[in-house]
Every structure is written in C-alpha cells, then in structure tokens.
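One letter stands for each residue in the lines below.
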Amino acid sequence: CRRRRSTRGLEAGERIGRGHVAGDAIASRRRRRADKILLLLSHSLLTDYPRRAHFEFYRANPRPFYSVTFELDATRLRERLADEGAPVYAGLCWHFHRALQALDAFRVRLLGEDLVLYDALQMGLTVPAPRRTFTFATFVWEPEWSRFAAGARAVLAKASERIDLSGGAAPDFAYYTTLPKVPFLGFTHVPLADPTAGQPETAFGRIDERQGRFVVPVGVQVNHLFVDGGDLGDLFEAAQSSFANPG
C-alpha cells in the first residue's frame, strides 16, 4: 500500500495551523483538531488489491448490495451498560463499530478510479427527532469506550433537537440505526444511491432474554464490490467477541 493523504484534510489542517496563536493551550487544541481531521481523511492506496477481479465483476451489477441478519449475545454488554448508566444504543454501536473497523474489508472504498483503505471510520447514527421523525448524529471514532460514553448522551440529545439529514455522506462512514421494539428475524436496509458506495449499514433490533441470556438481532448491509461472505463471518465473530469483552 502507498500512503496518501486527502488534499481536503491537508487543507483543513493548514487552515487550522495558520496564523499567530495566543497561548499554548489554544495552540494545543488546534493541533489536536488538525490531527483528528487528518486521521479521519487519511487512507492507503491499494495497488495490489487481491479482490480486483471480484470488484470488477460486481461493479457491472446495478444492485451489488446484500444483507445478512444474525443474533449476538449481548448479556455482558447489557450488564456493563446498566452498571455505567450508559445509553444502550450508543453502547451497541460503539462495540459493534470496534469490531467492524478492525477488519480491512469494511474500510475499502472507491475514490475516483482508485481503491483505497481508510484508517478509521466515522459513525453515523439515526436518532429520534421532533414530531416522530429522525435525524442523523455523527461521532468521530474514539477508541476508548470511557471517553466515547462520556459525551455520547449529550451528542445524541443535541442531534435530536432538530432534523438534519445532510451529514454522513463522506466515504469514511459506517451507518447505524435501531428498532428497539422489533425482534426482527431479517432486515433489509434502503440501498445507498451510489452503487459503488461502501459504507456498511447496521441495524439493531429488540434485546430479548432467552434462557438467562440476552440476545440482540443485527441486520447488516454491505456492498459486494468490497465485502464477501467470509468477511461477514469474520465480522460476526469479532462483534461477538467485542460484546463479550465490553469497554
């Protein structure tokens, strides 16, 4: 892989660092912000992509998206979230996202005619909005659960104040939603408008107790240009491990 930095990220970093800064504390905050922007937009160019033939094969299909539904044992995660008083939805998303973005296949995207591997993915969540609608909330990936959880409730509450469906269009996203009252057995997401888009879409259903354990249905939609069945098997195993080892 050859390292490539997004020009958009570099320009943002240059704007942040330009000019005289009054005080070390302000300068430090701005450097951290610039570093965060660069992290989100950095990616590697895949010059020897092993799935190139499969990518081209599915690229000819106008509807290359497909879905899978499975259950995860959420017993330990549910207990941990209850002990901490953390939002269950945010906890499900963070622990699933930790597993998903650890797997390369879910971070591959098409930029122009280049296949690239993103370093990290942002999280785009649907949350309730006024008048029984929904809106989008964006979370920058935070690898420490305690830090993510500390601000999650405020971010969700702020996003719920109004309807804003303009966010989350960047390629370095994974999308999440929840149907907390529905114990679904199968779930199909609305396909993304761009048939070459690679953002994974994940839905969580109702958490039910079964023989002393708590299980949650999960519906995942991916693009066959980038993700095969073996990758989904890896995701299932990684997500179950993440749920079993919260935090």
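Look above for the structure.
Residues numbered from 1 in each chain as written. Predicted model: local features only at pLDDT ≥ 70, side-chain atom pairs only at ≥ 80, totals over all residues. Heavy atoms only, no water.

1. Here we look at the overall build of the chain
At step 1: In terms of helices and strands, the chain carries 7 helices and 11 strands.
At step 2: Summed over all atoms, the accessible surface of the chain reaches about 13200 Å², with 53% contributed by carbon and sulfur. (Helix = DSSP H or I, 4+ residues; strand = E, 2+ residues; numbered from the N terminus. Areas by Shrake-Rupley, 256 points an atom, 1.4 Å probe, with all protein chains shown as cover.)

2. Description of the layout of surface pockets
At step 1: In this structure, the largest pocket encloses a volume near 940 Å³.
At step 2: Lining the largest pocket are 32 residues, and of these T126, F134, Y176, T177 and T178 lie nearest its centre.
At step 3: Contributing elements (two or more residues each) for the lining of the largest pocket: α5 (88–100), β6 (122–129), β7 (133–139), β8 (173–178) and β9 (201–204).
At step 4: The biggest single contributor to the lining of the largest pocket is β6, with 5 residues.
At step 5: Of the residues contributing to the lining of the largest pocket, the split by class is 17 nonpolar, 11 polar and 4 charged. (1 Å grid on protein atoms, 1.4 Å probe; cavity = no way out; pocket = protein on both sides within 12 Å on 5 of 7 lines; lining within 4 Å. Points joined across faces, edges and corners; volume = space filled by probe spheres on them. Nonpolar A, V, L, I, M, F, W, Y, C, P; charged D, E, K, R; others polar.)

3. Observations regarding the nonpolar core
At step 1: Counting 54 residues, the largest nonpolar core has F96, F106, L125, Y176, F204, F226 and F243 as the members making the most contacts within it.
At step 2: Broken down by element, the residue count for this core peaks at 8 residues, all from α5.
At step 3: Among the nonpolar cores identified, the runner-up in size contains 5 residues, and F173, Y175, L192 and A197 belong to it. (Core = buried A, V, L, I, M, F, W, Y, C linked by side-chain atoms within 4.5 Å. Buried < 20%, exposed > 50% of the residue type's maximum accessible area, 1.4 Å probe, protein only.)

4. A look at the environment of V108
At step 1: The topology assignment puts V108 in strand β4 (residues 108–111).
At step 2: With a relative accessible area of 4%, V108 lands in the buried category.
At step 3: Put simply, V108 and Q199 are 91 residues apart on the chain and 9.0 Å apart in space, counted from C-alpha to C-alpha.
At step 4: If we ignore the near neighbours within four places in the chain, the residues touching V108 are L46, Y49, L115, V116, L117 and F226. (Contact = heavy atoms within 4.5 Å.)

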